[in-house]
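# Examination of the molecular architecture
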Amino acid sequence: MKQIILATGNKHKVIEIKDILKDLPVEIKPMTDFEKYPEVIEDGQTLQDNAQKKATEVAKFFNSWAIADDTGLEVNCLNGAPGVYSSRYAGENCSYTDNNNKLLKALDGIQTKNRQAQFRCVIALSDPQGNVKILAEGKIKGYIAQSLSGTTGFGYDPLFYIPKYEKTFAELGEEIKNKISHRAIALQNFKNKFLELK
């Protein structure tokens, strides 16, 4: 295995995943580097469903190993929402700002101590035939801040507050975030399993 296709069109995820996996002895190549690539409909009921679907469809399309992730922000007092719908919480083709504003509105009037949340990430690796060979998960707990804060990262990063650091993901900076985040934990779990793969 010399190359793994990364099944995402999200340029922020590409940068983050490539950075975290840079020490693996294989090239991680985003599917968007190719002229043609499949548009996978994320219609799964769980993060695992979507990660597996993206990995297998992209693997079969390119006849190559493929890796995919699906990530969700789960807010306790919203019964786990936005969850699997995190990227389109405010509707199809919405912006990060739209999602953040909708979340702030949904939590309006709720004290910070009651705004517990967790970020969860599931990674799937598929072989060229579409068989899932690795599943790995990572999660981190925090709170939803009362307002946006910070300029780095993407998505809900300006709202996701980590008590240990007294900062949001967007205030932490990429170097620290890429060591402690849900995606970093999932990818570390993935790396451990990948190195054992025969």
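Residues numbered from 1 in each chain as written. Predicted model: local features only at pLDDT ≥ 70, side-chain atom pairs only at ≥ 80, totals over all residues. Heavy atoms only, no water.

## Observations regarding helix H6 (residues 182-194)
Across its 13 residues, H6 extends 18 Å between first and last C-alpha, which sits within 8% of the 18 Å expected from 1.5 Å per residue. Restricting attention to buried positions, one finds in H6 the residues His182, Arg183, Ala184, Ala186, Leu187, Phe190, Lys191 and Phe194. (Helix = DSSP H or I, 4+ residues; strand = E, 2+ residues; numbered from the N terminus. Expected span 1.5 Å × (residues − 1). Buried < 20%, exposed > 50% of the residue type's maximum accessible area, 1.4 Å probe, protein only.)

## A look at the packing of helix H1 (residues 11-20) against H6
Viewed as axis vectors pointing N to C, H1 and H6 meet at an angle of 45 degrees, and their least axial separation amounts to 10 Å. For the element pair H1 / H6, the angle class is oblique. By crossing handedness, the relation of H1 to H6 is classed as right-handed. Residues Lys13, Glu16, Ile17 and Ile20 of H1 form the contact with H6, whose own contacting residues are Arg183, Ala184, Leu187 and Lys191. Among the residues making up the contact of H1 with H6, the classes are represented as four nonpolar, no polar and four charged. (Axes fitted to C-alpha atoms, helices over the stretch in contact; angles between N-to-C directions. Parallel < 35°, antiparallel > 145°, perpendicular 65-115°, else oblique. Left-handed = near helix turned anticlockwise from the far one by under 90°. Contact = heavy atoms within 4.5 Å. Nonpolar A, V, L, I, M, F, W, Y, C, P; charged D, E, K, R; others polar.)

## Digging into the pattern of salt bridges
The final tally for this structure, using the stated rule, is 15 salt bridges. For Asp69, the salt bridge identified is with Lys13, shortest N-O distance 2.9 Å. Here Lys13 lies in helix H1 and Asp69 lies in strand S3 (residues 65-75), a separation of 56 residues in the sequence. Here Asp69 and Lys13 have matching classes, each one buried. Notably, a salt bridge pairs Asp69 with Arg183, separated by 3.1 Å at the nearest N-O pair. Of this pair, Asp69 sits in strand S3 while Arg183 sits in helix H6; the two residues are 114 residues apart in sequence, bridging distant segments of the chain. Using a relative accessible area of 3% as the deciding quantity, one classes Asp69 as buried. (Salt bridge = Lys/Arg side-chain N within 4 Å of Asp/Glu carboxyl O.)

## Side note on the side chain of Thr8
On the secondary structure map, Thr8 appears in the loop between strand S1 (3-6) and H1. Ignoring sequence-local partners within four residues, the contact set of Thr8 consists of Lys13, Val14, Met31 and Thr32.

## Details of the state of the cysteines
A full pass over the atoms with the stated rule returns zero disulfides. Sulfur of Cys77: no disulfide; nearest cysteine sulfur belongs to Cys94 and is 20 Å away. Its relative accessible area of 35% is what places Cys77 among the partly exposed residues. Cysteine Cys121 is unpaired, with the sulfur of Cys94 as its nearest cysteine sulfur at 19 Å. (Disulfide = S-S within 2.5 Å.)

## Quick notes on H1
Looking only at H1, the buried set comprises Lys13, Val14, Glu16, Ile17 and Ile20. The secondary structure elements touched by the buried residues of H1 are S1, strand S2 (27-30), helix H2 (47-62), S3, helix H5 (174-180) and H6. For H1, the capping residue at the N-terminal end is Asn10, with a side-chain oxygen 2.9 Å from the backbone nitrogen of His12. (Polar contact = N/O pair within 3.5 Å; in protein donor to acceptor, adjacent residues only side chain to side chain.)

## Description of the nonpolar core
Among the nonpolar cores identified, the biggest contains 21 residues, and Ile4, Leu21, Ile67, Ile123, Leu125, Phe190 and Phe194 are the most heavily contacted of them. Counting only elements with at least two residues in this core, the list comes to S1, H1, S3, strand S5 (116-126), strand S6 (132-144) and H6. Per-element accounting of this core gives the leading share, five residues, to H6. Residue contacts for Ile4: discarding those within four places in its chain leaves Val26, Glu27, Ile28, Lys29, Trp65, Ala66, Ile67, Leu125 and Phe194. With 18 residues, the next largest nonpolar core counts Phe119, Ile144, Tyr156 and Phe160 among its residues. (Core = buried A, V, L, I, M, F, W, Y, C linked by side-chain atoms within 4.5 Å.)

So yeah, pure geometry; function would need other evidence.
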